[in-house]
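Fold and contact review
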Amino acid sequence: MRAYRIAYDGTDYHGFQRQPSVPTVEGAIFAALRSLEVFDPDADDGTGSAVRPAGYAAAGRTDKGVSAIAQTIAFEAPDWLTPRALNGELPADVRAWAVADAPEGFHATHHARNREYTYHLYAPLEGGTDGSTPGGDPKRRPPSSPPVPPADAARVDDERIQTACRALSGEHDYHNLAADDDPDRTERSLTIEATRDGDYLVCTVEADGFARQLVRRLVSLVREIGAGDSPLEKVDRVLADEPLPGPEGVGPAPPEPLVLTGVEYPDPLEFRVDPVAAESARDVFGARSVERETGARVAGQLAAGVDTQDVDSSLE
């Protein structure tokens, strides 16, 4: 039994869990394992369910568009199956980068004792910001492509943000912030923190597990309160036993800024980084970072330039 750390860009996938007819991260992993003949896809396990590697389980089921650094899968694997060997059959946007020997009976889902998600929330301060990161160099764009927020971009009050995070942290039933209402999944001891990084809030949420869409709905509620769209008292209403009617509900924030950044297991599980596989991951995601930063600069120039071109007149 071995456990593997998997990093992936979820942009082009319909979530982690395997589904018929659409690309998923787990589907890509299974295809790679089939190519490596780690398991027989035509075998009959007698249950009528889809065949998978012996002992297989994953730490979490991220939604469509959500990315990960520390997704963890475990199964009975041959000794030669290193992260770099697995990467040889995986698509470029899914990278194995570390491995650990796991004890007999290990289950990647049930034995995880803590999970951490990070959400990058665009939330400029009321009164503006200089775009600098505390303790770092100012983040500047050339005059030709300045950052231009949408006209309806809400600015937030960080004090209200911090108050909301403290109120939402602790042991509660988050049934009003989850896509399913199973008490075993919505009752959690949870912490949420928000750190200012220029025009962004880096929201970190930790718990032993999460109901579907819980993290994204927490972020939505924090943003609502920070922007003054909802009063601080809404936290008490959300955490109450009574279900929220539709108009008062909290929808999920977009999935793309969300990343599964940590999964903790008991001490016997010690991950070893495969340097070749890790370098491959850094190269792939570093190139994507440059590509998207370039795209952001172009979009910024488009947004800034539409009102500055020489034209004879404008429509009223």
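Analysis parameters
- Each residue is numbered by its place in its chain's sequence as written, counting from 1.
- Side-chain atom pairs in this predicted model are given and counted only at pLDDT of 80 or more, local residue features only at pLDDT of at least 70, and totals for whole chains, interfaces and linings cover all residues.
- Side-chain descriptors were evaluated using all non-hydrogen atoms of the structure, hydrogens and water having been removed beforehand.
- Salt bridges are identified by distance alone: a Lys or Arg side-chain nitrogen within 4 Å of an Asp or Glu carboxyl oxygen.
- Numbered from the N terminus, helices here are DSSP runs of H or I no shorter than four residues, and strands are runs of E no shorter than two.
- With a 1.4 Å probe rolled over the protein chains alone, any residue whose accessible area is under 20% of its type maximum counts as buried; one over 50% counts as exposed, and the rest are partly exposed.
- Criterion used throughout: strands pair if DSSP finds at least two bridges between them.
- What a helix is expected to span follows from its residue count: subtract one and scale by 1.5 Å.
- We call two residues contacting when some pair of their heavy atoms lies within 4.5 Å.
- Two N or O atoms form a polar contact when they lie within 3.5 Å of each other; inside protein one atom must be a possible hydrogen donor and the other a possible acceptor, and for residues adjacent in sequence the pair counts only when both atoms belong to side chains.
- Side-chain rings of Phe, Tyr and Trp (the six-membered ring for Trp) are treated as a pair once their centres are within 6.5 Å; stacked means planes under 30 degrees apart, edge-to-face means over 60, and tilted covers the remaining angles.
- Only protein atoms enter the calculation, which uses a 1 Å grid: trapped sets of points that fit a 1.4 Å probe without letting it out are cavities, open sets showing protein on both sides within 12 Å along at least five of seven lines are pockets, and any residue with an atom within 4 Å of a point is a lining residue.
- Grid points are joined across faces, edges and corners, and a volume is the space filled by probe spheres set on the points.
- Gly is put with the polar residues, along with every residue not named as nonpolar or charged; the nonpolar set is Ala, Val, Leu, Ile, Met, Phe, Trp, Tyr, Cys and Pro, and the charged set is Asp, Glu, Lys and Arg.
- Only the stretch in contact is used when fitting a helix axis, every axis being a line fitted to C-alpha atoms; angles between N-to-C directions are given from 0 to 180 degrees.
- In this scheme, roughly parallel covers angles under 35 degrees and roughly antiparallel covers those over 145, while 65 to 115 is roughly perpendicular and the rest are oblique.
- Whether a crossing is left-handed or right-handed is set by the direction in which the near helix is turned from the far one by less than a right angle, anticlockwise for left-handed and clockwise for right-handed.

**Focus on the pattern of salt bridges**
- Scanning the model with the defined rule gives 14 salt bridges in all.
- The partner of Asp101 in a salt bridge is Arg2, and the shortest N-O contact between them spans 3.6 Å. In this pair, Asp101 sits in strand 4 (residues 94–101) while Arg2 sits in strand 1 (residues 2–8), placing the two residues 99 residues apart along the sequence.
- Taking the relative accessible area as the measure of exposure, Asp101 reaches 47% and is therefore partly exposed.
- For Arg272, the salt bridge is made with Asp101, and the minimal N-O distance between the two is 3.7 Å. A residue pair is termed long-range when its members are at least 10 positions apart, and Arg272 in strand 10 (residues 272–273) and Asp101 in strand 4 qualify at 171 residues.

**Here's the deal with the pairing of strand 3 (residues 67–75)**
- Strand 3 sits mainly inside the fold: eight of its nine residues count as buried.
- Here strand 1 runs beside strand 3; their pairing, made up of six bridges, is antiparallel. Looking at strand 3, one finds that Ile6 is bridged to Gln71.
- By the bridge criterion, two bridges tie strand 2 (residues 57–58) to strand 3 in an arrangement that is antiparallel. Within strand 3, the position partnered with Ala57 by the bridge is Ala74.
- Bridging between strand 3 and strand 9 (residues 258–264) involves two bridges; their strand directions are parallel.

**Section: unusual backbone geometry**
- Although it is not a glycine, Glu37 sits at a positive phi angle of roughly 60°.
- Mapped onto the elements of the fold, Glu37 is located in the loop between helix 1 (25–35) and strand 2.
- When its relative accessible area of 69% is taken as the criterion, Glu37 is described as exposed.
- Even without a glycine there, the phi angle at Gln213 is positive, about 70°.
- For Gln213, the location among the structural elements is in the loop between strand 8 (200–207) and helix 5 (214–226).

**Some words on helix 7 (residues 275–305)**
- Taking 1.5 Å as the rise per residue, helix 7 with 31 residues should run 45 Å; its terminal C-alpha atoms sit 44 Å apart, in good agreement.
- In the core, the buried residues of helix 7 are packed alongside helix 2 (83–87), strand 4 and strand 10.
- Between the side-chain oxygen of the N-cap and the backbone nitrogen of Val276 there are 3.1 Å, and the N-cap of helix 7 in question is Asp274.

**Thoughts on the packing of aromatic side chains**
- What the rule picks out here adds up to eight aromatic pairs.
- Plain terms: the ring middles of Tyr56 and Phe75 are 6.5 Å apart, the flat faces sit at 35° to each other, and that makes the pair tilted. A residue pair is termed long-range when its members are at least 10 positions apart, and Tyr56 in the loop between helix 1 and strand 2 and Phe75 in strand 3 qualify at 19 residues.
- What makes Phe75 buried here is its relative accessible area of 0%.

**A look at the layout of surface pockets**
- The calculated volume of the second largest pocket comes to roughly 810 Å³.
- Those elements giving two or more residues to the lining of the second largest pocket turn out to be strand 2, strand 5 (114–122) and helix 5.
- When residues in the lining of the second largest pocket are grouped by element, the largest group, three residues, is from helix 5.
- Across the lining of the second largest pocket, the residue classes break down as 13 nonpolar, eight polar and 11 charged.

**Brief notes about the pairing of strand 5**
- Across six bridges, strand 5 lies against strand 9 in antiparallel orientation. Counterpart to Tyr117 in the pairing with strand 9 is Leu260.

**Some thoughts on the environment of Val235**
- Inspection of the secondary structure assignment puts Val235 in helix 6 (residues 234–239).
- Through-space distance from the C-alpha of Val235 to that of Ala164 is 7.1 Å; in sequence the pair is 71 residues apart.
- Apart from the residues lying within four places of it in its own chain, the contact partners of Val235 are Ala167, Leu168 and Ile225.

**Considering the packing of helix 3 (residues 158–168) against helix 5**
- Contact geometry of helix 3 with helix 5 gives a least axis separation of 8 Å together with a crossing angle of 140°. With respect to each other, helix 3 and helix 5 are oriented oblique. The element helix 3 and its partner helix 5 pack so that their crossing is right-handed. Across the interface between the two elements, Arg160, Ile161, Ala164, Cys165 and Leu168 of helix 3 pack against Leu218, Leu221, Val222, Ile225 and Gly226 of helix 5.

**Observations regarding the side chain of Arg188**
- Inspection of the secondary structure puts Arg188 in strand 7 (residues 187–197).
- Judged by relative accessible area, Arg188 falls into the buried class, the value being 12%.
- Among the polar contacts listed, one links the side chain of Arg188 to the side chain of Asp208, at a separation of 3.0 Å.
- The residues contacting Arg188, other than those within four sequence positions of it, are Gly170, Glu171, His172, Tyr174, Asp208, Gly209 and Phe210.

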